[in-house]
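# Survey of secondary and tertiary structure
The primary structure of each chain is shown beneath.
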Amino acid sequence: MTLFQSINEFVVRFANTNGTGSASANNMFAKAIMRMGLPVSAKNIFPSNIQGMPTWFEVRISEKGFLGRRDGAPELVVAMNAQSIEEDIQSVQPGGFLLYDSSRILPQRLMRKEINFLGMPISDICRAEYSDPRQRQLFKNVIYVGALAALLDIDFQVLKDLVSDQFKGKDKLIRPNIYALELGFEFANKQFSCPLPICVERRDLIGDRILVDGNTASGLGAVYGGATVVGWYPITPSTSVIEKFASYCQRLRIDPANGQKNYAIVQAEDELSAIGIAMGGGWNGARAFTATSGPGISLMTEFLGLAYFAEIPLVLMNVQRAGPSTGMPTRTQQSDMLTCAYASHGDSKQVLLIPSTPKECFDFSAQAFDLADRLQTPIIVMTDLDMGMNIHLSDPFGWDDKHEYDLGKVLDADDLEKASDFGRYLDVDGDGVCYRTLPGTHPNKGAFFTRGTSHNEYAAYTEKGEDYIKNMERLEHKFAMGVKRLPAPEITINTKAKRVGLVYYGSTDEAIPEAVSLLCEQGVKVNTLRIRAFPFSPQVASFISEHDGVFVVEQNRDGQVKKLLCNELTIDPASMCAVLHYDGLAITGQFIAESVQAQLSVQTDQAAG
Amino acid sequence: MSYIKPQFKHPRLQVNDLGLTHRDYEGALSTLCAGCGHDSITSAVAQACAELSLPPHKIAKLSGIGCSSKAPTYFLNNAHGFNTVHGRMPSVATGANMANRELIYLGMSGDGDSASIGFGQFAHVVRRRLNMLYMVANNGVYGLTKGQLAATAEQGMKSKSGEASLFTDIDLCVSALQFGATFVARSFSGDKSQLVPLIKAAISHKGFAFIDIISPCVTFNNNPDSNRSYDYVHDHITTAAVADFVPVKQEIRCENGQSDSEDICLHDGSILRLSRIDADYDAHDRIKAMTKIEQLKSEGKILTGLMYIDPEADDYHEINGTSDAPLNSLKQETLCPGSHVLKTINESFR
Ligand SMILES: Cc1ncc(C[n+]2csc(CCOP(=O)(O)OP(=O)(O)O)c2C)c(N)n1
Ligand code: SF4
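The rules behind the values
- Residues numbered from 1 in each chain as written.
- Chains lettered and ligands numbered in written order.
- Predicted model: local features only at pLDDT ≥ 70, side-chain atom pairs only at ≥ 80, totals over all residues.
- Heavy atoms only, no water.
- Helix = DSSP H or I, 4+ residues; strand = E, 2+ residues; numbered from the N terminus.
- Rg over C-alpha atoms; globule rule 2.2 N^0.38 Å.
- Buried < 20%, exposed > 50% of the residue type's maximum accessible area, 1.4 Å probe, protein only.
- Contact = heavy atoms within 4.5 Å.
- Lys, Arg positive; Asp, Glu negative; His and termini not counted.
- Charge placed at Lys NZ, Arg CZ, Asp CG, Glu CD.
- Near = heavy atom within 4 Å.
- Polar contact = N/O pair within 3.5 Å; in protein donor to acceptor, adjacent residues only side chain to side chain.
- Areas by Shrake-Rupley, 256 points an atom, 1.4 Å probe, with all protein chains shown as cover.
- Nonpolar A, V, L, I, M, F, W, Y, C, P; charged D, E, K, R; others polar.
- Axes fitted to C-alpha atoms, helices over the stretch in contact; angles between N-to-C directions.
- Left-handed = near helix turned anticlockwise from the far one by under 90°.
- Pairing = 2+ DSSP bridges.
- UniProt positions renumbered as here; feature names shortened; annotations may be inferred.
- Salt bridge = Lys/Arg side-chain N within 4 Å of Asp/Glu carboxyl O.
- Buried area = accessible area lost by both parts, 1.4 Å probe.

In the nomenclature of an unreviewed UniProt entry, chain B corresponds to Thiamine pyrophosphate protein domain protein TPP-binding from the organism Shewanella woodyi.

Going by what an unreviewed UniProt entry lists, chain A is known as Pyruvate flavodoxin/ferredoxin oxidoreductase domain protein and is assigned to Shewanella woodyi.

The following block contains the structure:
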């Protein structure tokens, strides 16, 4: 049998059972790789279930820096789930390795000649070492990480340091965890010929980057953006945005003098209420937000229309998952793009921010509050399950202490005293954004009625056609002017030929370098544009029109952003092709390259024929 | 259509402690049907706020959608108002209250708004113990959509199209009691002498105060068969307690020798004085209040007055431990942890 060989370029898949505490061990493994100076990414593949079902965690190690999910079989599988063992054995790449719990003997029929079986009686070891059932379960995970350290040649000190960092403050846990790592390490060293032909070697490719999930970044961004009022209702995969916000608030937002909270997080009865709470907070001058996903977005649309029309700032973080309806709740997609861009009935339009890395989740979430206040409208931060719940290598978070919150056009009592005339919807500056006042500001000036019914410049109810049109046109104008404040697209020029362009957005970013490199190997040079916001910047239209053909890469069935581009820009729809991936797993570089290549060759054939 | 009232004030109009006249508590001219019960509620609210000498701009008035929800336009011109969406005023009021705990929150809703589309939000705002006064103008029908039966309409009550309500009604006072409201009252829009003191007490109550106000819809539900008509209500009313409200700054007179009267001290120090019609009625017993409502209902009677009060109630912010300073007043220095903290946070991800 040929052994698969590779240094710093392979995939390890962990097969676990939901609810057995494997997540922290798997994360420790990924972090150890990063601390070895190597680019690494990890994808959770988990079912919509709480306990007992199979889950997988796939770690890609890539010295070349290709961190999107990789197609094809993993080189090493750690099979810890008896339920899925058959499938897991089948999943190993020929020449690859299977580390499994050999406490129970594998049936002969499951053996494959083309792969290497590394049996380790993990359950037996734990049974001998620990009397407590919970410990027996938990330390199984730590033990296999220890074994991997020997098999893959991970510096053991790196793991020890990780444990010490992880349990800082809970020092009692450090020793037993290191002991469990050692158990695994020593067993593997003795029983197997370590290291394997696939292994890691130290490099210095990480710089100051961090390994973090998007939802943590978004929650933290909200803390930095000054959010104080939160309404929410649990839904996967958005829940951890709020949980992280809450845990950072507990650390950073409690007044040390009196223990009082400088925030209020209301767990609402449903999403209708969650966004209502955010709206009430925004109306009353607090920075307020909510987070949701799929079905929650549907419920929130009535309020989004009100916020658009009555011009109330609020932030909504939508962590997309596979729809429609309940769809695949724990699988990723980018399929709420159209729903969110045009959320609500009537002529309405919402501002979308579309981050691609945890750093951008942090930045955009913080900026969203400035934008919401500045533009007096909801800002929807569009991420997805892959971005939100998986850890990604990212530039570190940064904050400019000189940055001052942009609270937008709010008149205080002095302003009102000086002003000769106040009309809530008067376009004083010609940018479509009007001055607002907060309740309680002035005894007899500046009060107005906020309503979702048609209103004139003085916020009075009106059904006069011309007043209605004037207001609607101002709202359009406000959006057109507002585009300048939104993050510009990121353009990468690899070729002057401008034959093919790739347009993409969000978490797809991770797969792009590999796609571009594969295409280049095949002789196709492409330029790329990453959309970062809606309404679109004029640069998007120019990029598309400058290229002979543009591929819009998306993780949905209907090519939603391609449709949005056709709808919003004056470009020839025929100049764009779709690359669509929507099976619920993150898109891969190979998929993009193959799909582009296939469509290009069809075009060439047609041209020839 | 929107009407503007003349600004002229008679120089000898009576002023309150703030130097404001009753006119300062009015709103735009009503566009509701002439004789609509909701207009009487409007004027009771204005009167209550004037008598309490509340600064109008420190009040936020929020509503859902419906004729009743239009009512806030017609009181307190100098207060900010918010007509939200149908049935969802409670959540917006919650967010607003989270942002600024110092304002006074008046919620105005209808029976359709609160007992149907918004029943969930109603239940939960009560549970959350939001410090607000929540009023439902209860006419048993949907006024704005022209006469459909509401969920508060009693079984057998007929809509304008002649259909009788087939199902048991929702009694919002019983619901509010069950959901944990700490002030529950019912009144009648046509009885200002009862309604005004109740509104005053409810505003002074810390925590969630609910008043269900029977408010006949003259256009769609004032026929003699309807138990929401003026005549019916007048003939079938039973009062739990007559409330009198003594603001904190007024001298409290002693009314001695009346065993069926009780003074309840509200959190701002003002006094709610109850004289019970029914000598056994105990306004501190949640369960008995529910039983009494149901018992009278089975006799075709309507219990009004203050049904329940817990003068020691907490509100959401106390339970949550929110900062005393309104959240919307906190500055960036307090809210933003700054770049040095971010450095250590970055470390935790390496
Ligand atoms: C989502 C939604 N559904 C339906 C309506 C239509 N609608 C407007 S007011 C109303 C009923 C109002 O009844 P109620 O709350 O009892 O107030 P009233 O008009 O009787 O004072 C309805 C159904 C709406 N505005 N929004
Ligand atoms: S329809 Fe009924 S509730 Fe509406 S304004 Fe007229 S009388 Fe009042």
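## A closer look at the overall build of chain B
Counting its regular elements, chain B contains 12 helices and 12 strands. Relative to a compact globule of 350 residues, whose C-alpha radius of gyration would be 20 Å, chain B shows 21 Å and is just as compact. Reported as C-alpha extents along the three principal axes, the dimensions of chain B are approximately 75 × 50 × 50 Å. Looking at chain B residue by residue over its 350 residues, the buried ones come to 57%. Sequence separation of at least 24 residues holds for 69% of the intrachain contacts in chain B that already meet a minimum separation of 6. Averaged over its 32 positive side-chain charges, chain B has a centre that lies 7 Å from the centre of its 38 negative ones.

## With respect to the site of ligand 1
Every one of the 18 residues lining ligand 1 counts as a neighbour, but C67, S68, D111, G112 and G143 of chain B are closest to it. Mapping the residues adjacent to ligand 1 onto the chains of the assembly identifies chains A and B. Between an oxygen atom of ligand 1 and a main-chain N or O atom of C67 of chain B, the distance comes to 2.8 Å. Measuring from an oxygen atom of ligand 1, one finds a side-chain N or O atom of N139 of chain B at 3.1 Å. Relative to its free-state accessible area of 590 Å², ligand 1 is covered by the protein chains to the extent of 77%. Contributions of two or more residues to the shell around ligand 1 are made by α2 (67-70), α4 (111-117) and β5 (141-142) of chain B. Among the elements that take part in the shell around ligand 1, α4 of chain B stands out by supplying four residues, more than any other. Taken together, the residues of the shell around ligand 1 sort by class into six nonpolar, nine polar and three charged.

## Section: the packing of helix α9 (residues 271-283) of chain A against helix α10 (residues 294-310) of chain A
All names here are of chain A. It is at 8 Å that the axes of α9 and α10 come closest, and there the two elements cross at 35°. For the crossing formed where α9 meets α10, the hand is right-handed. The segment α9 lies against α10, with E271, L272, A274, I275, G276 and M279 engaging G296, L299, M300, F303, L304, L306 and A307. Grouping the constituent residues of the contact of α9 with α10 by class yields 10 nonpolar, two polar and one charged.

## With respect to the environment of S62 of chain A
All names here are of chain A. When you line up the elements, S62 lands in strand β4 (residues 54-62). Accessibility expressed as a relative area gives 0% for S62, which makes it buried. The sequence separation of S62 and D336 amounts to 274 residues, and the corresponding C-alpha distance is 31 Å. Not counting residues within four places of it along the chain, the set of residues in contact with S62 comprises N8, E9, P39 and L67.

## Comments concerning the sheet that holds strand β25 (residues 576-580) of chain A
Residues and elements named next belong to chain A. Ordered in space as β20-β22-β21-β24-β25, the five strands form an open sheet in which the pairing is mixed. Strands at the two margins of the open sheet, each flanked by one partner only, are β20 (490-492) and β25. The sheet shows a mean angle of 20° between the axes of neighbouring strands, direction not considered. Pairing between β20 and strand β22 (residues 526-531): three bridges, direction antiparallel. From the neighbouring strand, E490 faces β22, where its bridge partner is R530.

## Considerations on the sheet that holds strand β6 (residues 97-101) of chain A
All names here are of chain A. The six strands are arranged β3-β4-β2-β5-β6-β7 in an open sheet whose pairing can be described as mixed. Each edge of the sheet is formed by a strand with only one pairing partner; in this case those strands are β3 (40-45) and β7 (116-120). Along the sheet, successive strands turn relative to each other by an average axial angle of 15°, direction set aside. Two strands pair when backbone bridges link them, and strand β2 (residues 9-17) and β4 are joined in this way by nine bridges, in the antiparallel orientation.

## Remarks on the UniProt feature "domain: Pyruvate/ketoisovalerate oxidoreductase catalytic" (unreviewed entry) in chain A
The UniProt record marks residues 19-186 of chain A with the feature "domain: Pyruvate/ketoisovalerate oxidoreductase catalytic" (unreviewed entry), using the residue numbering of this structure. Helix makes up 43% of residues 19-186 of chain A and strand 17%, with an end-to-end C-alpha separation of 27 Å.

## Observations concerning the UniProt feature "domain: Thiamine pyrophosphate enzyme TPP-binding" (unreviewed entry) in chain B
What UniProt calls "domain: Thiamine pyrophosphate enzyme TPP-binding" (unreviewed entry) maps, in this numbering, to residues 65-213 of chain B. The span residues 65-213 of chain B is 35% helix and 23% strand, and its two end C-alpha atoms sit 17 Å from each other.

## Thoughts on the pattern of salt bridges
Per the stated rule, a full pass over the model turns up 46 salt bridges over all chains. A salt bridge links K498 of chain A to E546 of chain A, with the nearest nitrogen and oxygen atoms 3.4 Å apart. Taken together, the residues span a long stretch of sequence, with K498 of chain A in the loop between β20 and β21 (500-505) and E546 of chain A in helix α17 (residues 538-546) at a distance of 48 residues. Between R273 of chain B and D263 of chain B there is a salt bridge, with the nearest N and O atoms lying 2.8 Å from each other. Placement of the pair is R273 of chain B in strand β11 (residues 271-276) and D263 of chain B in strand β10 (residues 261-265), with a sequence separation of 10 residues. For R273 of chain B, a relative accessible area of 3% translates into the label buried.

## Comments concerning the environment of V218 of chain B
All names here are of chain B. Looking at the element boundaries, V218 is found in the loop between β8 (208-214) and α8 (230-236). By relative accessible area, which is 27% here, V218 ends up partly exposed. Separated by 169 residues in the primary sequence, V218 and C49 have C-alpha atoms spaced 26 Å apart. Beyond its immediate chain neighbours, meaning those up to four positions away, V218 contacts C33, A34, G35, C36 and Y230.

## Examining unusual backbone geometry
The omega torsion of the bond from G323 of chain A to P324 of chain A falls at -5°, within 30 degrees of zero and hence cis. Structurally, the position occupied by P324 of chain A is in the loop between β13 (314-320) and α11 (337-341). Between F534 of chain A and the following residue, P535 of chain A, the backbone shows a cis peptide bond with an omega angle of -5°. Along the chain, P535 of chain A turns up in the loop between β23 (533-534) and α17. Of note in this structure, E311 of chain A is not a glycine but carries a positive phi near 65°. In this structure, E311 of chain A sits in the loop between α10 and β13. A positive phi is found at S53 of chain B, a non-glycine position, where the angle reads about 55°.

## A look at the interface of chain A and chain B
Taken together, the contacts link 70 residues of chain A with 57 residues of chain B. Here chain A packs against chain B, burying approximately 5100 Å² in sum over the two surfaces, 60% of which is carbon and sulfur. Counting across the interface, chain A meets chain B through two salt bridges. As a salt-bridge pair, E269 of chain A and R128 of chain B come within 3.0 Å of each other at their nearest N and O atoms. Linking chain A with chain B are 28 residue pairs in polar contact (both at pLDDT 80 or more). Elements that contribute at least two residues to the side of chain A that touches chain B include exactly α1 (22-35), β9 (210-213), α7 (214-224), α8 (239-252), β11 (264-267), α9, α10 and β19 (449-451) of chain A. Two elements, β19 of chain A and strand β2 (residues 80-83) of chain B, share three bridges in a ladder whose sense is parallel. Bridging from a neighbouring strand, R451 of chain A pairs with N83 of chain B of β2 of chain B.

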